[in-house]
Each structure stands twice: as structure tokens, then as C-alpha cells.
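Coordinate analysis (summary)
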Amino acid sequence: MSTILELKNVQKRFGATEILRGIDLSISAGERVALIGPNGAGKTTLFNLVSGRFAPSAGEVWLKNRRIDGKKPYAIARLGLARSFQATQVFSKLTVYENLRCSVLLGLGYGAQWLTSVSRLKEVTARTEALMEQTHLDKQRDTLAQALTYADQRALELGITLGGGADVILLDEPTAGMSQTETLFFLELIKTATHGKTLLMVEHDMGVVFGLADKIAVLVEGKLLAFDTPQAVRANAAVQDAYLGDFSVSASA
Amino acid sequence: MNAAPWIAVVAGVVLAPELLNSTWALTLLSQIGIATIACLSFNLLLGQGGMLSFGHATYTGLGAYGAIHTLNAARAAGVDFPVSLIPLAGGVSGLVAASVLGFLSSRRGGTALAMVTLGLAELVFSVALMGFAFFGGESGIAGNRVTESAPWGVTFASPVEMYYLIAAYALLSAVALYALTTTPWGKMLNAVRDNAMRVEFLGTNPQTIRYRAFLFSAFFAGISGGLAALLFERVTPDALGLERSASLVLFTYLGGIQSFIGPIVGAVLMVFANVGLSSLTPAWLLYVGLAFVFGVMFAPQGLTGLLQTAMAQPWAFYVRHSVILLALLVSLGVALLGVTALVEMAYQLQLEASLGPNVAFGFFGDWGAFQLHINRWQDWAAAAAVAISGGWFFLRLRHALIVRLGAKA
Amino acid sequence: MEFLVFSLLNGLSYGLLLFLLSAGLTVILSLMGVLNFAHASFYMLGAYVGYSVSVHAGYGPALFAAPLVLALLGAGFERWVLRRIHAYGHVPELLITFGLSFLILELVQGVWGRTALPFHPPEFLQGAAFSAVKSAANGLQWFWGSPAAALCQDASLALSCWSFPAMRAFTMLVSAITLGALYLVLVRTRLGWIIQASRTHPAMLESLGHNVPRLWMLVFAAGSGLAGLAGVIGGSTFVTEPAMAATVGSVIFVVVVVGGLGSLMGAFWVSLALGLLQTLAVSFDHSLGFGVSLAQLAPVLPYALMVLVLVLRPQGLFGAKDL
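Residues numbered from 1 in each chain as written. Chains lettered and ligands numbered in written order. Predicted model: local features only at pLDDT ≥ 70, side-chain atom pairs only at ≥ 80, totals over all residues. Heavy atoms only, no water.

1. Some points on the overall build of chain A
Tallying secondary structure elements over chain A gives 9 helices and 10 strands in all. The C-alpha radius of gyration of chain A comes to 18 Å, within 12% of the 18 Å expected for a compact globule of 253 residues. Across its three principal directions, the C-alpha atoms of chain A cover 55 × 40 × 35 Å. Going through the 253 residues of chain A one by one, you find that 49% of them count as buried. A fraction of 65% describes how many contacts in chain A between residues 6 or more apart in sequence connect residues 24 or more apart. With an accessible surface of roughly 11,100 Å², chain A has 48% of that area assigned to carbon and sulfur atoms. Once the 27 positive and 26 negative side-chain charges of chain A are each reduced to a mean point, those two points are 8 Å apart. (Helix = DSSP H or I, 4+ residues; strand = E, 2+ residues; numbered from the N terminus. Rg over C-alpha atoms; globule rule 2.2 N^0.38 Å. Buried < 20%, exposed > 50% of the residue type's maximum accessible area, 1.4 Å probe, protein only. Contact = heavy atoms within 4.5 Å. Areas by Shrake-Rupley, 256 points an atom, 1.4 Å probe, with all protein chains shown as cover. Lys, Arg positive; Asp, Glu negative; His and termini not counted. Charge placed at Lys NZ, Arg CZ, Asp CG, Glu CD.)

In C-alpha cells, the structure reads:
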């Protein structure tokens, strides 16, 4: 399996505060990796670095054998990397359909096109409809994004992330704030929607982590304590030390 | 898409000169046509793109100058350039201006964009006042639109011919601008308006999208300016001025920025305010300002939005809440009466020397006419009381209605 | 040389006045995220109110009344209008302050008329603070106040006469005192620290028990009061007319953009720079070719500077990278 996403000694400092202290991470194509760790460990910062929100203070980030650290977010997105946000970032005054269509348009490369009407683009329509069904939002087709329930908004957030057809997906706490049933539904949704793609996911719910991940990366205070299969990580003494009592695996996992 | 309203509009536009047989009406309609293109192009930025530009008159003005210079240059060189294509020269001028100014304006959004557009507008305006030949100083540049060669007998000397030219451009521009909103780029513009950061992470630079909006907007703004140059046959630096830009912002917003036809309503309001209201009272700009402020506070959807909301309610709604709605209207009317009285009397204070101490009020001629004496404090007190009580009742009734509607929902 | 000294002093006094005005705007912007388009209108209203008060009660009372009136107006506007609009988003906020500026302009014209008002500084501030006379006989001599009239009118006695208006000196004094007090409040007092904290952590502050909305009202009132004070001074030093809001408004926007949206240090340096630049440009009236003189170019300079900064460094000289 080839390495699709690689971080080489990545460091990030904000002024005098060190957030990431030298991360080495190598993810293979098609792998599903869960990134876990206590709050403030630097997980979202890592996401921001990889997706291009800001550049690392030191180190390199490689995507599909191309160096992407320092590149703009849209350049990285065009290379096939998509990310979701912890705080839902949707287009509040557009309908569900229009929201999803935006990411489909960009994924298919129509972004700046001004010569045809959208309704003429059959492929766009087809993909958007499929996306709506996949995220179970087809009943809410014409609802404004700002009028959706929290869980539906998270589903929309996920849909927008996936709509562009990226093959490396970064999900930042996708099930945060959800009930058990909602989380289960989301788990299935993520599984089917990211089938065959590379997934890096920040999660706190261990049920989701163990139900989904091929590998777990443990980030504590800006350093990777472990990057291994779920069984190995569970048995890892250092991880147990840092995470005493946090391994609450739900029965359904 | 329902074709009936479009056909009705086109029919109305074509038949208007037959139905309204006066030059004054034609001039009014011509001005409305020009304003429509200007406001629609402005709303591409504000309503569609969330970009509050305080310098839109820069593009209409530069378009006007480009058009009139093209007209004069063609005449001087003896080239038979069709007058009907002059507005396109204006459009190209606007486009060229936006290629530079629009680039500078689109680097960031929100407040920064508002300030940049304001600053650039000031820059262009102050350069225009410096006295270069291009801008013609205070008296501006004059031109003559009447052609000697008359293709199909059209010389553009008569108001009717000018009206049809403007109407044609207005219809075509409206269709084009509407079509733009249905394209992928148009949809991405809406997305940038709602969440530029998300768009950036989806794969395109919001700046490019904004820049393109400025280009399109300026092109149509330039056409509007070019038509104005032809209509008035003179362009002065005022065309680039801040008042003109402010006017576009005010009236487009009053018309309604969230629908496509809102700006058209705004354009009609703009022309009627400039032509009609201004002759009724010296305080007309103050009233426009007040309407705008209250619009932002209570009716952010503009007049079009209010009408759409009103028309969307079933008859049952009006029947059920008839009393409170009527009271609402009455209190609003009373408040307006009081405020108008106060404003008119205040303005009369300034004009007393020339117009005397009385402010005459009359409704539809002499029906219910009365006079207010600015030197009588009782009149001031009465007006203030009427205004305050009307306003207080209006606010309380509005609150009660909102509570009622909330309780039902 | 003395030409340079007096031009620099004039530029400095204008620059300090600009900072007095743009400081209020900057603090409101960085604290509440609101760009108050009506700030320059408050300046104008301060001048007009100051004029009316000075006509009836004298200049001294005007200096206190105008800022007070404007502070109350600002507080009222924030409490009943701006706060409601805040929830709608950035564009409506900009629009409402823009609408307010429009309203104030019309109101001022309606109530006070469209022509410039004779708002003069009080008697004791009308002369010169100090002057310099260069004569062939005595070289360069410095005087307190104005030189003897006869001395300056006779070309054989004096080669050149320079004077620094007392009103300008007064402007510098008031600006310096006010800004010094502002700095002390922000940096040394508890209230100032609370204000600084509410810039970045309003929610935290509220959960600690501080009334953040009331704080914002206070800050807005203070900013408006500052504008009113600047208005009384500016209106009596320069001119009191309806166009004054637009004129100075454009300049302080350039100050804020070039200095960096929300940066007080940036506003300070750019205000001084612009004040000097504009004054010197008018003084050095050289021709630049193309039938254009430096004095003609003076009004364009601030905007040209703004465009330059926007091209080279969009966040302004002292601003934060992403805003």
C-alpha cells in the first residue's frame, strides 16, 4: 500500500507556545485512521496544517507525493483532500440541495464557469441527488441550512465535505454532540461514504473509533504517543497512562 | 419557468409610449430604465455576493465618460459609429476600470471591502476634480447623440427613440444578469456570500469569484452610465461622486436585495424620489434616510420582501388579525404625520426668510388642509406628541403581533 | 528652516486631531467589530452643537457640552439601534451606521443650513501662539504671540514672517491630554483591562459577571464623545460646514485602513504621517508638470497612499494578518 499522506517532523508554534512538537505520521491509501487525544493536544491544529489553513513552523507535509505545506487551502483541496469542521460551516442561506451542489460543482471543476445554467449540467444534478440520498437529507431538499436540526446540519457538513469527490477525507469530530442513535447512523454513513477512500478522523467517542478505524494515532501534548492497530494501542502502557479510564467502549462497537 | 409575467413586462415596456403619451412620462421611464441597470448590477455585488461596495458610481461614471468620449471621438474622426452601440463602449470602460479597481477591492470581503471601495471611489473622484481634460472640470464633457446618417430613419433625436434604446438595453441586461445568477459561478458567488472560508476549503479562491463579480457588475454599470451619457448628452464629475454611490446603496436596499426584482423596485423608488419627492419637500433626502434606517432595522428584506411576505399570507391571516393590522397601519400613519410635521417645520425654520412662517399641509389637494406655524410652540408640541404617540403605539402593536404569531406557530 | 518648523507644527496639530478622531473609531472597531460610518458625522455634529452652545454660553461650555451630547447620542444609538442590528450580521451593521451618517448630514443641513458657520475660537486663542520674524537687520527673532503688525507689513524691515496659530497649539494640547488620559485608562485602570479583555474574550468576561453589553455602550459613548470633542476643536480651527464630515471622514478611513483595522498604534503613526503629508503638500506648492501642482495633488495623496498599502500589504501597516 502506498503512502498517500505523510507528515515529516511537523512542528507548529504560535508565538512562544508550542502546539505540535515534531509529528511523524505516514498514512497509506485507503487506510482509516482515528486521531485521538485529550483536548488541547493539537488535533485541530494538525488538521488546519494539513488542509492549508496555515503553514507549519517547521517540517513537511506530503500529499500523493507532492509537498503541500504552505499551499493555500483551495490548492490542496484541488489535489483531492477535503476536510470537515468541528463548528459546522455550511452556507446558511442556501437550501440543502444548493449547499451540496456547491461542493459537487467544485469537485467536477465547474466552479468559475459562467456560460451555462446549472440546471443544464446533468451530471451535477445526478451527483447532488445521490449525495442527498446518501446523507438522508432528500426529505429536506428545500430547507434552508440555517433551519436544520443540529444532527442534520452535521450530516450536511459531511455531505459538503464528501461532495467534491476527494479521496483523502479529514473529519473533525463528526459525531460531536450527537445522541447514541444519531452517532450509530453517522458511523454507518461515514463507513459507506468513505469506502475505498483514505480517512483521517478526530474522534472522542471510542465506540466510533473502534468501529471504524484500521489504525489509531494518539496525540498527547503535541507528540504522537502511538500509531498502531486498535488492539495494540489499547494495550499500550504509555497510552493507558495518559488516558487512564478513558477507554469506555460501548457495547455496540 | 412561468413565462406569463415576462411576456407582460415586455409587452408593457414596448407599449408604454403609446399608453403614456407625454414627454415627461417618457423621460421618467427612460431614467427608470437606466437606474434599473445600475441597481441590478449593484445587487450582483451586494445581494448575490454579500459585497457592500460604496463606490459603484465609479463604474457608472467611468462608463459614462468612456461612452461620451467614444461618441465625440467617432464624430471627430468622421467614423460612422452606431449610436446604439455607444452604451457598449460604456460597458467596456467599466470593465477596464474594474480590471484594476475590482482586483484591489476583492482581496478581502466584509468590512475591509466596504472601506476599500469607498477609498477607491474617493480617489477616482478627487482625481476627476483635479482638472484633467478627460473629465472636463466642473462643466464636464458634452456630446451630441443625434446622428446624421439615419439607419432605418432613427436619429435618436426624439425621446421615444431614446426610450426604446434604453428599454432594449434594460431588458437585455436584466436577462443577462438573471442568467448569470443561474450559472455555476453565480451559485458559487452565493456560497462565497454565505461562507467564504468554506468555499476556500472546497477548492476555489473566493477572491477570484469576487473579482469576477466586480467585472460583470462594472460592465453593466458602464452600460447604464453610457445610456445616461446619451440621454443627457453631458457627463460631469458628479457622475463619479459619493452621493451617487450612496444613492445606489440606499435605494437598492430599500427595493430589496434578496430577490432579483428588488433592485428594479429600488430603481423606480430612486427616480420617483429624485424627481417627485424632491419637488414636494426640501426634506426629501431626510425622509429617504429615515426610510432607509427603519428599513434596515425593521424590514431588511426591503419593499419587495415586505410585499412578498404580505402576498404569501392566506386570506385567513388577514381576517384573523384584521383589528391589530388595521391599528398597526393607523398608528404608522399617525407617527408619519407627526414626524413629517416636525421635519417640515424644522426645515421651514431655515427657509422662513424666503417662504414665511407657515407650513401648509394638505392631503390630495385641499382635503383636510391645515397650517402649522413654526413660531407657535404649541404646534411643535402637538406635532411631537402625535409623532411620539403614533410611534409608541406602532412599536407596541408590532410587538403584540409578533408575540401572537409566535404563539400560534 | 523656519518654514519647515512651522509647517511641521501645523502638520503635527492636524495629525493629532486626526488621531483624536480615529482613535475612537479604532477602539470601537477593535472592540465591537463595528465600523462606525457615522463617526465623522459625530465629529460634524460636535462642531455644530459646539457652535450653538458657544453662541449662547461661550466656548468653554461648548468644549464640555458637545462631547457630552455626542456621548449620550452614541450611547442611545448603541443601546436601541446597533444592538438590535448586531444579530443580523456585518453588512446590516455597516448599512445602519451608513444610514445614520446620511441622516445626520441631512439633519444638520436642515437645522443649521447649508452654508459654513462662523465658528471661531475664543478671543484669547485667536492670535498666534508664537511667531518668528526674519529681518535683514536682526536676523531671526522669535516672539510670543503675534509680531507687531508694522514689523511684518514693511518689506524693508522683515524678509519673512511666520506664526503658529494659538488655536493650533490649543488643539495639540487638548489632543495630547485626552489621548494621554485614554492611554492611562486603557492600560493602567481595571476598567481598561476589562475593555481590553472584552476585545478577545467577551463570553468569558460575561460569565465572570461583567456586563459586556453595558461595557460596549460605554465604549461607544466614549468614542462618540471623543468625536464630538474633536468636532468642537476642528470646527473652530478649520471650518464648520456640511461637507466637513465627508472631508475628514475619508481621511480617517484611510488612516484606519493604512494603519491596520483595529490597531491604535497604526492609527497614531498614520494620522501623524497623513497630517504632515497633507500640510506639507499644500505648503510646498511646486508644480509637478502635466499642469498639476503639489497643492492640487494634496487631496488625492491619502487615497493614493491607501491604494499603495492595499497592493503591497493588505492588512495595513500594523494590522493582524487575517481579519
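Now that the structure has been shown, we can carry on.
2. With respect to the interface of chain B and chain C
On the chain C side, the residues contacting the 39 residues of chain B number 44 residues. Where chain B abuts chain C, roughly 3,700 Å² becomes buried across the two surfaces, and 78% of that area is made up of carbon and sulfur atoms. Counting across the interface, chain B meets chain C through 0 salt bridges. At the boundary of chain B with chain C, the tally comes to 4 residue pairs in polar contact (both at pLDDT 80 or more). Examining the composition of the side of chain B that touches chain C, we find that 12 residues originate from one element, helix 5 (residues 110-128) of chain B, more than from any other. Of the residues assigned to the side of chain B that touches chain C, the class counts are 29 nonpolar, 6 polar and 4 charged. (Buried area = accessible area lost by both parts, 1.4 Å probe. Salt bridge = Lys/Arg side-chain N within 4 Å of Asp/Glu carboxyl O. Polar contact = N/O pair within 3.5 Å; in protein donor to acceptor, adjacent residues only side chain to side chain. Nonpolar A, V, L, I, M, F, W, Y, C, P; charged D, E, K, R; others polar.)

3. Here we look at the domain arrangement of chain B
Residue and element names in this part refer to chain B. Taken domain by domain, chain B holds domain 1 (4-288) and domain 2 (313-408). One C-alpha centre belongs to domain 1, the other to domain 2, and the line joining them spans 35 Å. Each partner contributes residues to the interface: domain 1 has 5 residues there, and domain 2 has 5 residues. For the domain 1 and domain 2 pair, buried surface summed over both sides reaches about 450 Å², with 67% attributable to carbon and sulfur atoms. Looking at the side of domain 1 facing domain 2, the largest losses of area belong to P282, L286 and Y287, adding up to 79% of the total buried there. At the boundary of domain 1 and domain 2, one finds 0 salt bridges. Our count for the domain 1 to domain 2 interface comes out at 3 residue pairs in polar contact (both at pLDDT 80 or more). (Domains from an automatic or database assignment.)

4. Topic: the domain arrangement of chain A
Residue and element names in this part refer to chain A. When its domains are assigned, chain A resolves into domain 1 (1-80 + 168-253) and domain 2 (88-165). Both sides of the domain 1 and domain 2 interface together cover about 1,000 Å² of buried area, and 72% of this is carbon and sulfur. On inspection of domain 1 and its partner domain 2, the count reaches 0 salt bridges. If you look at where domain 1 meets domain 2, you find 2 residue pairs in polar contact (both at pLDDT 80 or more). Broken down by element, the side of domain 1 that touches domain 2 gets its largest block of residues, 6 residues, from helix 6 (residues 180-193).

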